[in-house]
Amino acid sequence: MEKRATSVETLLFIAAIMAATCSPTKAAESTGSFGDNFNIMWSEDHFKTSADGQIWYLSLDKQTGCGFQTKQRYRFGWFSMKLKLVGGDSAGVVTAYYMCSENGAGPQRDELDFEFLGNRSGQPYLIQTNVYKNGNGSREMRHMLWFDPTEDYHTYSILWNNNQILYFVDSVPIRVFKNNGEANNFFPNEKPMYLFSSIWNADDWATRGGLEKTDWKNAPFVSSYQDFNVDACQWIDPYPACVSTTTEHWWDQYDAWHLSDTQKMDYAWVQRNLVIYDYCKDTERFSTLPKECSLSPWD
Ligand SMILES: *[C@@H]1O[C@H](CO)[C@@H](O)[C@H](O)[C@H]1NC(C)=O
Ligand SMILES: *[C@@H]1O[C@H](CO)[C@@H](O)[C@H](O)[C@H]1NC(C)=O
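Residues numbered from 1 in each chain as written. Chains lettered and ligands numbered in written order. Predicted model: local features only at pLDDT ≥ 70, side-chain atom pairs only at ≥ 80, totals over all residues. Heavy atoms only, no water.

The name given to the chain in an unreviewed UniProt entry is Xyloglucan endotransglucosylase/hydrolase, with the source organism recorded as Cephalotus follicularis. You can read under Sequence similarities (unreviewed entry) in the UniProt record for the chain the words "Belongs to the glycosyl hydrolase 16 family." (UniProt positions renumbered as here; feature names shortened; annotations may be inferred.)

This is the structure in structure tokens:
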């Protein structure tokens, strides 16, 4: 316990240095209203917007949660949004923010997940990421964050091209998932995906493996969103054509196929300090580690 306190202090110190030295990211431009980009998936009455329409709120109570999804599907690009998570005692509450090739949990789906696992007041939120290809996930990582995600909006983004998938928190890549270029491999690159977010109850597993149950006295639980930013290839049916939303395609050029030097430093810092669980290190679970675990994130 002593040790944990010390490492948290170190983290805060490092975070302060990073905040001071990292150049500020450019403000994301809003790409239209909620209704231009999204549909509500379920329980419209658990969705609200601010008076100016710029902030969106999803709420969870004992009856139900709520979720939205993009109207469009995309294959490759940059996907970004600011989220502020449920504060206070949020044990058992999960906010999912993810991309998926289907709007259900179909057996053949591809999926890229961010899941925010609520916790008791004052206890750290964990962020879980996962990658699915053809319905097979089991590629979880869990990270601590270097800030309290319930206090302010932070940007959570996915960069997806045929060389790598990066999961970003603000400007920091917390996870790198590489493609080895072989046909029929584990890298999701064939199916276009929608982007989703939802809030739901998972007190059967989310907090301390399901030991901490949701305290419904604190309902409704609300997660907030703003600044959706997509710069990607939009998929047009019935032909498998892909129309880019910009002409530049910066997200699929050489610089976006590898970590930059700054990103390498940030990623190394995350690897050293914030990783709680990495399936690629879980030799109890996998007698042979999944193939992609041998790919270097530094290449
Ligand atoms: C909640 O807080 C406890 C105590 O610090 C921690 O062990 C746990 O990993 C946290 N997160 C979740 C999702 O249980
Ligand atoms: C799913 O992926 C894991 C990790 O690579 C692998 O061990 C498992 O065999 C896969 N399952 C199926 C049904 O393909």
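Moving on from the model shown.
**Student:** Describe in detail the side chain of S223, supporting the description with residues and values.
**Tutor:** With respect to the helices, strands and loops of the structure, S223 is situated in strand 14 (residues 221-236). Taking relative accessible area as the criterion, S223 reaches 0% and is therefore assigned buried. Reaching out from S223, the side chain makes a polar contact with the side chain of Y225 at a distance of 3.2 Å. When neighbours within four sequence positions are excluded, S223 is seen to be in contact with W56, Y57, L58, K84, V86, T95 and I199. (Helix = DSSP H or I, 4+ residues; strand = E, 2+ residues; numbered from the N terminus. Buried < 20%, exposed > 50% of the residue type's maximum accessible area, 1.4 Å probe, protein only. Polar contact = N/O pair within 3.5 Å; in protein donor to acceptor, adjacent residues only side chain to side chain. Contact = heavy atoms within 4.5 Å.)

**Student:** Can you lay out the site of ligand 1 for me, pointing to particular residues and giving the numbers?
**Tutor:** Close to ligand 1 lie L117, N119, Q123, P124, L126, A206, T207 and R208, which account for all nearby residues. Within the side chain of N119, a nitrogen or oxygen atom sits 2.5 Å from an oxygen atom of ligand 1. Taken by itself ligand 1 offers 360 Å² of open surface, and the protein chains cover 76% of this. Its residues placed into classes, the shell around ligand 1 shows four nonpolar, three polar and one charged. (Near = heavy atom within 4 Å. Areas by Shrake-Rupley, 256 points an atom, 1.4 Å probe, with all protein chains shown as cover. Nonpolar A, V, L, I, M, F, W, Y, C, P; charged D, E, K, R; others polar.)

**Student:** Quick rundown of the state of the cysteines? Include the residues and the values.
**Tutor:** Summed over the entire model, instances satisfying the criterion amount to one disulfide. In this model C280 forms its disulfide with C293; the gap between the sulfur atoms is 2.0 Å. An S-S torsion of about -80° defines the bridge between C280 and C293 as left-handed. With C280 in the segment after strand 16 (275-278) and C293 in the segment after strand 16, this residue pair connects regions lying 13 residues apart in the sequence. For C293, a relative accessible area of 22% corresponds to the partly exposed category. (Disulfide = S-S within 2.5 Å.)

**Student:** If you had to explain the packing of aromatic side chains to someone new, which residues and values would you point to?
**Tutor:** The tally for this structure, following the rule as stated, stands at 29 aromatic pairs. Relative to F114, the ring of Y97 lies with its centre 5.6 Å away and its plane at 25°, an arrangement referred to as stacked. Here F114 lies in strand 7 (residues 111-117) and Y97 lies in strand 6 (residues 93-100), a separation of 17 residues in the sequence. Each of the two residues, Y97 as well as F114, counts as buried. Given the relative accessible area of 0%, F114 is considered buried. (Phe/Tyr/Trp six-rings, centres within 6.5 Å; stacked < 30°, edge-to-face > 60°.)

**Student:** I'd like to hear about the pairing of strand 9 (residues 141-144), residue by residue, with values.
**Tutor:** Covered by surrounding structure in strand 9 are M141 and H143 only, the residues R142 and M144 on the alternate face being uncovered. As judged from the four bridges shared by strand 8 (residues 126-132) and strand 9, these two strands associate in the antiparallel manner. The residue bridging Q128 from the neighbouring strand is R142, located in strand 9. When strand 9 meets strand 16, the two strands line up antiparallel, connected through three bridges. From the neighbouring strand, R142 faces strand 16, where its bridge partner is Y277. (Pairing = 2+ DSSP bridges.)

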